[in-house]
Amino acid sequence: MLWLAQRASAAVLAICVTVHLVTIVYAVRGGLSAAEIFGRTRGSTGWLAFYTLFVLACAVHAPIGLRPVLTEWLGWRGRSREAFVLVFGVLLAWLGMRAVLAVFR
Amino acid sequence: MSATLQVSVWRGGAEGALQRYDVPRYPSQTVLDVVTHIQRRIDPTLAYRYACRVGMCGSCAMTVNGVPRWTCRTHVDKVATGSELELRPLRNMPVIRDLVADMREFFDKWERAKGRFEGRARKSDDFARVAPDSPERQAADAGIECIGCGVCYAACDVVSWNRDYLGPAALNRAWTLISDVRDGATLERLRAVAGDAGCHACHTHTSCTERCPRHLSPTASIAGLKRAVAKAALAGKL
């Protein structure tokens, strides 16, 4: 199931990263100021939903990918590894959502 | 073409060193010919392994100039760097002595991947009829000619990083059996090959497919296992 979760989150990330990059390019080329960007994101449930999905997909995808890296590079296995990647995933979700809510509120 | 090959051969076990031999060079000479010349004409204490000499038994694989190969079908002309050859035992396996690698773990992993046919027919049943053009038969055919030489296992970086990983050959074997409509142990086999030591550990580097002397694609077999495991998991069977 972890493999399926990683594949599914990768599919979501492929779309999210593309939209995110296009948005960045648009914002920079259009010369939007920080105030103008906030003006578009604050109170926008659409952007809130999109970036929440983005953050959650990262929080699922990255820890699952980190598991074999820890084993293959550091020889780290067992429950302590699982606990570490779980904490890492929660941390990603927390930090990401903090950033998303900061531009929404 | 130089008249003599300078051949460096691993001597010893896990600890050891390369020893240099000068071997006469001939047209159409194989790497196995070179090793045999050293043992029969220069140094009878050299240990190596071979049987059929025609690419069927899978026992003569070694590391030739850094690349795992079957030596009986590998021509010196195609792999020598100038007139130099470096021969070592297969990677990812303990060394018994000189060019002989211990393949026990390699074959134990076939067992762990449930690489044994589990027929479900009884004596009273008629012969199974499997259409040659059926998808299952073709999937099994694609991987069934494995000779168990260990080249893919030696070429696999994931094996070197994760000692529990079953490896390309064992997983390829599991896939051929899962594709075999006569076999009755699909679920047990899928359970055996799922997880951190199984097909999901594969990074799809395709070194196994690149190096397989039989031109099989264990990578494709492993991808098939991933799909089969996913389907079974979604159906709640695992």
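Position numbers for residues start from 1 in each chain and track the written sequence from start to end. Each chain takes a letter, starting from A, and each ligand takes a number, starting from 1, following the order in which they are written. Per-residue local features of the predicted model are confined to residues with pLDDT of at least 70, and side-chain atom pairs are confined, for both listing and counting, to 80 or more; whole-chain, interface and lining totals are unaffected and use all residues.

**Some words on the overall build of chain B**
Moving on, step 1. A count of helices and strands for chain B gives 10 helices and seven strands.
Moving on, step 2. Taking the principal axes of its C-alpha atoms as reference, chain B extends roughly 60 × 35 × 30 Å.
Moving on, step 3. Residues are called buried when their C-beta atom has 20 or more other C-beta atoms within 10 Å, exposed when it has 12 or fewer, and partly exposed otherwise; all C-beta atoms are positioned from the backbone. The proportion of buried residues among the 238 residues of chain B is 42%.
Moving on, step 4. This entry defines residue contacts through backbone-placed C-beta atoms, with two residues in contact when those atoms are within 7 Å. Counting only contacts in chain B whose residues sit at least 6 apart along the sequence, the fraction spanning at least 24 positions is 66%. Secondary structure counts use DSSP, requiring at least four H or I residues in a row for a helix and at least two E residues in a row for a strand, with both numbered from the N terminus.

**Brief notes about the nonpolar core**
Moving on, step 1. Core analysis: the largest hydrophobic core is formed by 63 residues, its most contacted members being Leu171(B) and Val193(B).
Moving on, step 2. By residue number, the principal contributor to this core is helix H7 (residues 168-178) of chain B, which donates seven residues.
Moving on, step 3. Taken domain by domain, the makeup of this core includes at least three residues from each of domain 1 (4-101) and domain 2 (104-234) of chain B.
Moving on, step 4. If we skip the residues at most four places from it in the chain, Val193(B) touches Ala113(B), Leu166(B), Leu171(B), Ala174(B), Gly198(B), Cys199(B) and Leu225(B).
Moving on, step 5. Residues Ala57(A), Cys58(A), Ala59(A) and Val60(A) belong to the second largest nonpolar core, which totals seven residues. Defined on buried residues, the nonpolar core groups Ala, Val, Leu, Ile, Met, Phe, Trp, Tyr and Cys residues joined through C-beta atoms within 7 Å. An automatic or database domain assignment supplies the residue ranges for each domain.

**Notes on the interface of chain B and chain A**
Moving on, step 1. At the junction of the two partners, chain B supplies seven residues and chain A supplies six residues.
Moving on, step 2. At three residues, the largest contribution of residues to the side of chain B that touches chain A is made by helix H10 (residues 218-234) of chain B.

**Regarding the pairing of strand E5 (residues 84-88) of chain B**
All names here are of chain B.
Moving on, step 1. Relative to E5, strand E1 (residues 4-12) runs parallel, the two being bridged by four bridges. When the sheet's bridge partners are listed, valine 7 is paired in E5 with leucine 85.
Moving on, step 2. Two strands pair if DSSP finds at least two bridges between them. Pairing between strand E3 (residues 61-64) and E5: two bridges, direction antiparallel. Counterpart to valine 64 in the pairing with E5 is leucine 87.

**A word on the sheet that holds strand E2 (residues 16-24) of chain B**
Residues and elements named next belong to chain B.
Moving on, step 1. In space, the five strands of this open sheet follow the order E2-E1-E5-E3-E4, with mixed pairing throughout. Sheet topology places E2 and strand E4 (67-70) at the edges, where each strand pairs with a single neighbour. Taken pair by pair, the neighbouring strands of this sheet meet at an average axis angle of 35°, ignoring direction.
Moving on, step 2. Sheet topology places E1 next to E2; nine bridges connect them, and they run antiparallel. Opposite valine 7, over in E2, you have tyrosine 21 as the bridge partner.
Moving on, step 3. Relative to E2, helix H1 (residues 31-42) is tilted by about 95°, and along the sheet it contacts E1, E2, E3 and E5. What counts as an axis is a line fitted to C-alpha atoms, over the stretch in contact for a helix, and the angles between N-to-C directions run from 0 to 180 degrees.

**Focus: the domain arrangement of chain B**
All names here are of chain B.
Moving on, step 1. What the domain assignment lists for chain B is domain 1 (4-101) and domain 2 (104-234).
Moving on, step 2. Between domain 1 and domain 2, the C-alpha centre-to-centre distance is 29 Å.
Moving on, step 3. In this complex, domain 1 contributes 14 residues to the contact, which on the side of domain 2 involves 15 residues.
Moving on, step 4. At the level of elements, E3 and E4 are the ones that each hand at least two residues to the side of domain 1 that touches domain 2.
Moving on, step 5. For the side of domain 1 that touches domain 2, the element with the highest residue contribution is E4, accounting for three residues.
Moving on, step 6. Residues are grouped as follows: Ala, Val, Leu, Ile, Met, Phe, Trp, Tyr, Cys and Pro are nonpolar; Asp, Glu, Lys and Arg are charged; all remaining types, including Gly, are polar. The class makeup of the residues in the side of domain 1 that touches domain 2 is seven nonpolar, four polar and three charged.

**Concerning the packing of helix H8 (residues 186-193) of chain B against H10(B)**
Residues and elements named next belong to chain B.
Moving on, step 1. Running from N to C, H8 and H10 point in directions that differ by 110°, and their axes come no closer than 10 Å. In terms of orientation, H8 and H10 fall into the roughly perpendicular class. Crossing handedness for the pair H8 and H10: left-handed. Only Leu225, Ala228, Val229 and Ala232 of H10 make contact with H8, whose side of the interface consists of Leu187, Leu190 and Val193.
Moving on, step 2. Partitioned by chemical class, the residues of the contact of H8 with H10 number seven nonpolar, no polar and no charged. Convention used here: angles under 35 degrees read as roughly parallel, angles over 145 as roughly antiparallel, angles from 65 to 115 as roughly perpendicular, and any remaining angle as oblique. Take the far helix as the reference: if the near one is turned anticlockwise from it by less than a right angle, the crossing is left-handed, and if turned clockwise, right-handed.

**Remarks on unusual backbone geometry**
Residues and elements named next belong to chain B.
Moving on, step 1. Non-glycine residue arginine 53 carries a positive phi angle of around 70°.
Moving on, step 2. Structurally, arginine 53 is set in the loop between H1 and E3.
Moving on, step 3. Backbone geometry places histidine 215, a non-glycine residue, at a positive phi of 60°.
Moving on, step 4. Summarising the element assignment, histidine 215 is placed in the loop between helix H9 (207-211) and H10.

**Here's the deal with the environment of Gln29(B)**
All names here are of chain B.
Moving on, step 1. Topologically, glutamine 29 is positioned in the loop between E2 and H1.
Moving on, step 2. Spatially, the C-alpha atom of glutamine 29 lies 32 Å from that of valine 159, the residues being 130 residues apart in sequence.
Moving on, step 3. With sequence-adjacent residues up to four places away left out, glutamine 29 is seen in contact with Val34, His75 and Val76.

**Some points on helix H3 (residues 45-74) of chain A**
Residue and element names in this part refer to chain A.
Moving on, step 1. In this model H3 runs 42 Å from its N-terminal to its C-terminal C-alpha over 30 residues, within 8% of the 44 Å that 1.5 Å per residue would give.
Moving on, step 2. All of the buried residues along H3 are Tyr51, Val55, Ala57, Cys58, Ala59, Val60, His61, Pro63 and Thr71.
Moving on, step 3. Tucked inside the fold, the buried residues of H3 contact helix H1 (2-29) and helix H4 (78-104).
Moving on, step 4. Once H3 finishes, glycine 75 follows within two positions and takes phi at roughly 70°, a positive value. One less than the residue count of a helix, multiplied by 1.5 Å, gives the span that helix is expected to have.

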